[in-house]
Amino acid sequence: MSVILGINSEHAGASAALVVDGVPVAAIAEERLNRIKYYAGFPHLAVRRVLDMAGLCPGDIDCVAIARDPAANLASKAAFLLRNPQRAPALLHAGAGQVKQLDAKSQLAASFDCDPAALAFRQVNVEHHLAHIASAWFTSPYDKAAGFSADGSGDFVTCMLANCRGNEIEVLQRIFVPHSLGSLYTMICQFIGYGRYGDEGKVMGLAPYGEDAYRAHFDDMVIFTDEGFRLNSRWFQPFGADMSISINERGEMEIGRHYSDHMVATFGAPRQPNEEITQREMDLARGLQLTFERVWLHLLHRLHNLTGTDRVVMAGGCALNSVANGLVTAQTLFRETWIHPAAGDDGLSLGAALYVAQKRPGTPRRYVMGSAGLGPEFSQEQIRRALEEGGVDAQELEEPELLARTTAALVAGKIVGWFQGRMEWGPRALGNRSILAHPGLAHMKQTLNDRIKRREWFRPFAPAVLAEAQSQIFENGQPSPHMLHVYRIRNEWRERLCAVAHVDQTGRLQTVLREHNPRYHALLREFEAATGLPVLVNTSFNENEPIVCSPQEAIDCFLRTHMDLLVIGDFYCEKPTTKM
């Protein structure tokens, strides 16, 4: 038996993944366990949990795969320092966090309170973007594809183009720092008042409210080249200066200033987070998203020319830009896309482990990811005990009645917490840790925000759609099983799906297949039979916190918010009655 533990640490999305005999058996982001969003320390809890889920102990680990390789791209690092010797101290300081990550034995010994000498595994370092592409390629259904990864940076690279065949990933091109699509997005996000790590998705939602008023300025920020693109440095703080990323005492990411004084001179003072959003912010968000899309498609055109294949697998933080992803099959020669559900840096742990697994002689490429449920699962007895401890009235029902009563509640406009099976891998709730609601009620978006989510007014909610109905409702029929594509809703459905239609009449959909999630699919079928709508509002089961993992967390969220119902395992739960 081969047991490979993959780890991402000392950067946002700390996570652990376990691959046994080439097959992923468990993967968890540390934030789901310690409840610190985008946690960036070492994933002590996640490491313990993935081994527990597999019934294994530290001594069973053959290999630890670390999603970072300090030996990668040394020539490019040296050339940059020769050109910019004044940046050396800052870059060395930023790299100091690698020391802890690269000492896997000491970290794991601390996790398990054991002697490092008792751990006999070998350690393999996998280059950052190779791990990203591996996470997508070695979970995809394809036998050959182009590989694409882009994010802020990792191992001095911001974008990687590759050719994927069998067990091999052939790197065709790297784009090096400081030329980074991720840095471009972060810079504008900061300037318009969204400077926290992970705020990029909010700005993507704001973009449709703006106009393309700053096209000339964005054209000056990004220079297209035959090999890809370059950033115009006058709009950015110099790489290695104040635009560093650090980790505070809680393990949270803190990002230094990215925008330059030229940005301030051109657009005025940056917006503060508590200030009103003006047309300027909307137009900057719009210009940013359109520029991102142009660069994204330009890079994919180049990748297609290099590989000649009509399929592409994608990962990296930029691959969470679902609006750009929705354009790929319509505006490039790629006909199919596969995007890893944990496309951000949390997915690196699984990518690193799969990369090492596929390098073992004779390992077949037999794993294809269906459901993204790689997290913990809880028994009916565990759920029962949690409900009793929480004082929640619950009825245990057979599935037909459970679905019928849940459907009736949704039809009546009630908000349902839906907790089923294994927790999803990645940032999206995909029907296992979801809040569900009626998509055709005009007030539902406001109700969800007022009663539970408390999100910005401009952020849309996502539609979950039956796979067999997707082409009927959306203008693009390419599946989006992990909620990573935005497609336009057909005219005749927009008013009927008003709670999930964004201002530009699009939706970031989840394609629901019966073979991936039978109970969730059955609920959608029942809701369609009752309403004619094969769609539900699907948003993550949380309230300004990481998505719930355990029954206790789901129950706590249910009780402290104005959620109407909780359907948890086979239990149908209503709010506890107040006793006089």
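Being a predicted model, the structure only gives us computed values, none of them experimental.

Rules of the game
- Residues numbered from 1 in each chain as written.
- Predicted model: local features only at pLDDT ≥ 70, side-chain atom pairs only at ≥ 80, totals over all residues.
- Heavy atoms only, no water.
- Pairing = 2+ DSSP bridges.
- Helix = DSSP H or I, 4+ residues; strand = E, 2+ residues; numbered from the N terminus.
- Axes fitted to C-alpha atoms, helices over the stretch in contact; angles between N-to-C directions.
- Contact = heavy atoms within 4.5 Å.
- 1 Å grid on protein atoms, 1.4 Å probe; cavity = no way out; pocket = protein on both sides within 12 Å on 5 of 7 lines; lining within 4 Å.
- Points joined across faces, edges and corners; volume = space filled by probe spheres on them.
- Nonpolar A, V, L, I, M, F, W, Y, C, P; charged D, E, K, R; others polar.
- Left-handed = near helix turned anticlockwise from the far one by under 90°.
- Expected span 1.5 Å × (residues − 1).
- Buried < 20%, exposed > 50% of the residue type's maximum accessible area, 1.4 Å probe, protein only.
- Disulfide = S-S within 2.5 Å.
- Polar contact = N/O pair within 3.5 Å; in protein donor to acceptor, adjacent residues only side chain to side chain.
- Salt bridge = Lys/Arg side-chain N within 4 Å of Asp/Glu carboxyl O.

(A) A look at the sheet that holds strand β8 (residues 168-176). Judged by pairing direction, the sheet is mixed, and its 5 strands sit side by side in the order β8-β7-β6-β13-β14 without closing on themselves. Strands at the two margins of the open sheet, each flanked by one partner only, are β8 and β14 (336-339). Direction aside, the axes of adjacent strands within the sheet are offset by 20 degrees on average. Where strand β6 (residues 144-154) lies against strand β13 (residues 311-315), 4 bridges are found, and the strand directions are parallel. Each bridged residue has a counterpart across the sheet, and for Phe148 the counterpart in β13 is Met314.

(B) Main features of unusual backbone geometry. The residue after Val177, namely Pro178, is reached through a cis peptide bond having omega 10 degrees. On the secondary structure map, Pro178 appears in the loop between β8 and α8 (181-191). Residues other than glycine seldom take positive phi values, yet Phe156 does so here, at roughly 75 degrees. Here Phe156 lies in the loop between β6 and β7 (157-165). Phi at Arg454 takes a positive value of approximately 55 degrees, unusual for a residue other than glycine.

(C) Seen up close, the sheet that holds strand β4 (residues 63-66). Taken together, the 5 strands give an open sheet; going across it, the order is β3-β2-β1-β4-β5, and neighbouring strands pair in mixed fashion. Each having just a single partner strand, β3 (23-29) and β5 (122-125) make up the two edges of the open sheet. Strand after strand, the sheet turns through a mean of 20 degrees between neighbouring axes, direction not considered. Taken together, the 4 bridges between β4 and β5 define a ladder with parallel strand orientation. The residue of β5 that forms the bridge with Cys63 is Arg122. The strands touched by helix α2 (residues 44-54) are β1 (3-8), β2 (15-20) and β3; relative to β3, the strand with the most contacts, the crossing angle is about 145 degrees.

(D) Focus on the layout of surface pockets. There is about 290 Å³ of room inside the second largest pocket. Contributing to the lining of the second largest pocket are 17 residues, with Tyr142, Thr337, Trp338, Pro479 and Pro481 lying nearest its centre. The leading source of residues in the lining of the second largest pocket is β14, at 4 residues. Per-class residue counts for the lining of the second largest pocket are 10 nonpolar, 6 polar and 1 charged.

(E) Expanded view of the packing of helix α16 (residues 380-390) against helix α22 (residues 551-560). Closest axis-to-axis distance for the α16/α22 pair is 9 Å, and the angle between their directions is 35 degrees. In this structure, the crossing between α16 and α22 has a hand that is right-handed. Contact with α16, carried on its side by Ile383, Ala386, Leu387 and Gly390, involves Pro551, Gln552, Ile555 and Leu559 of α22 and no other residues of that element. Considering only residue class, the contact of α16 with α22 consists of 6 nonpolar, 2 polar and no charged.

(F) Region of interest: helix α21 (residues 518-531). For α21, built from 14 residues, the straight-helix expectation of 20 Å at 1.5 Å per residue is met to within 8% by its first-to-last C-alpha distance of 20 Å. Among the residues of α21, Arg519, Tyr520, His521, Leu523, Leu524 and Phe527 are the ones counted as buried. A positive backbone phi angle near 80 degrees is found at Gly532, which sits one or two residues after α21.

(G) Inspection of the state of the cysteines at higher detail. All chains considered together, the criterion is met by 0 disulfides. Here Cys57 is not cross-linked by a disulfide; its sulfur's nearest cysteine counterpart is in Cys114, at 9.8 Å. A relative accessible area of 38% means that Cys57 is categorised as partly exposed. Among the cysteines around Cys164, which has no disulfide bond, Cys159 carries the closest sulfur, lying 13 Å off. For Cys164, a relative accessible area of 0% puts it in the buried group.

(H) Region of interest: the environment of Arg405. In this fold, Arg405 is placed in helix α17 (residues 399-411). The class for Arg405 is partly exposed, based on a relative accessible area of 25%. For the pair Arg405 and Val567, spaced 162 residues apart in sequence, the C-alpha to C-alpha distance is 10.0 Å. When neighbours within four sequence positions are excluded, Arg405 is seen to be in contact with Gln395, Leu397 and Tyr572. A distance of 3.1 Å separates a polar atom in the side chain of Arg405 from a polar atom in the side chain of Gln395.

(I) Helix α15 (residues 348-358), seen in detail. In terms of burial, α15 is a largely internal element, 11 of the 11 residues being buried. Restricting attention to buried positions, one finds in α15 the residues Leu348, Ser349, Leu350, Gly351, Ala352, Ala353, Leu354, Tyr355, Val356, Ala357 and Gln358.

(J) Looking closely at the pattern of salt bridges. A full pass over the atoms with the stated rule returns 28 salt bridges. The partner of Glu252 in a salt bridge is Arg250, and the shortest N-O contact between them spans 3.3 Å. With its nearest N and O atoms 2.7 Å apart, the salt bridge here joins Arg257 to Asp261. Given the relative accessible area of 32%, Arg257 is considered partly exposed. Looking at Asp261, the relative accessible area reads 57%, which means it is exposed. Here the salt bridges share partners, and the residues they tie into one network are Arg35, Arg454, Glu543, Glu545, Glu553, Asp556 and Arg560.

Keep in mind that these numbers describe shape and distance, not what the molecule does.
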